[in-house]
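Chains, contacts and geometry: an overview
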Amino acid sequence: QVQLEESGGGLVQAGGSLRLSCAASRRTFSTYEMGWFRQAPGKEREFVASIQWNGGRTYYADSVKGRFTISRDSAKNTVFLEMNSLEPEDTAAYYCAAGLQAGTPSSFFLWGQGTQVTVSS
């Protein structure tokens with residue numbers, strides 16, 4: 001029933017790392033492009049990273065470029081978000097998403113329930 005399910009969130013110190021995982025249904029994973037969004041307290045949901053279904057081209061928000069890496073394991077229908085050098089500003093609920101164009105955040109329309117990432121100073 002659940003098309004996207006995130007895991008891996010938690011509490012980490014500034015400068016630390018976390019790896020988020022998103023398990024998708026085979027149908028969803030094989031049909032749509034995958035991405036990650038986040039929503040911090042008092043802010044709107046924002047794009048974080050995405051990966052093309054075919055070719056694997058990746059896209060990143062400027063705020064996470066060089067620190068976060070999106071990847072996938074097609075055999076497991078899973079997409080990952082490796083987060084390094086975490087900052088308190090990265091604190092947010094992170095959502096896995098599926099869309100039509102990896103480079104177009106507005107094209108994403110399927111969402112997971114979210115996993116909380118809290119970065120302490």
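See above for the structure.
Just so we're clear, the structure is a prediction, and the values are computed from it rather than from any experiment.

1. Things to note about the pairing of strand 9 (residues 92–99)
Counted residue by residue, strand 9 has eight buried out of eight residues, so it is predominantly covered. Relative to strand 9, strand 4 (residues 33–39) is paired through seven bridges, and the arrangement is antiparallel. In the sheet register, Phe-37 faces strand 9, and the bridge partner there is Tyr-95. Here strand 9 pairs with strand 11 (residues 115–120) via three bridges, running antiparallel.

2. Overview of the packing of aromatic side chains
Given two aromatic rings, their pairing is described by the distance between the two centres and the angle made by the two planes. Inspection of every chain in the model, using the stated rule, returns four aromatic pairs. Counting every residue linked through ring pairs, the aromatic cluster contains Phe-37, Phe-47, Phe-108 and Trp-111. Sitting over the ring of Tyr-95, Arg-45 keeps its end group 4.0 Å from the ring centre. Its guanidinium or amino end placed over the ring of Trp-111, Arg-45 lies 4.5 Å from that ring's centre, counting from NZ or CZ.

Reading guide: rules and limits
Residues numbered from 1 in each chain as written. Predicted model: local features only at pLDDT ≥ 70, side-chain atom pairs only at ≥ 80, totals over all residues. Heavy atoms only, no water. Buried < 20%, exposed > 50% of the residue type's maximum accessible area, 1.4 Å probe, protein only. Helix = DSSP H or I, 4+ residues; strand = E, 2+ residues; numbered from the N terminus. Pairing = 2+ DSSP bridges. Phe/Tyr/Trp six-rings, centres within 6.5 Å; stacked < 30°, edge-to-face > 60°. Lys NZ or Arg CZ within 6 Å of the ring centre and 35° of its normal.

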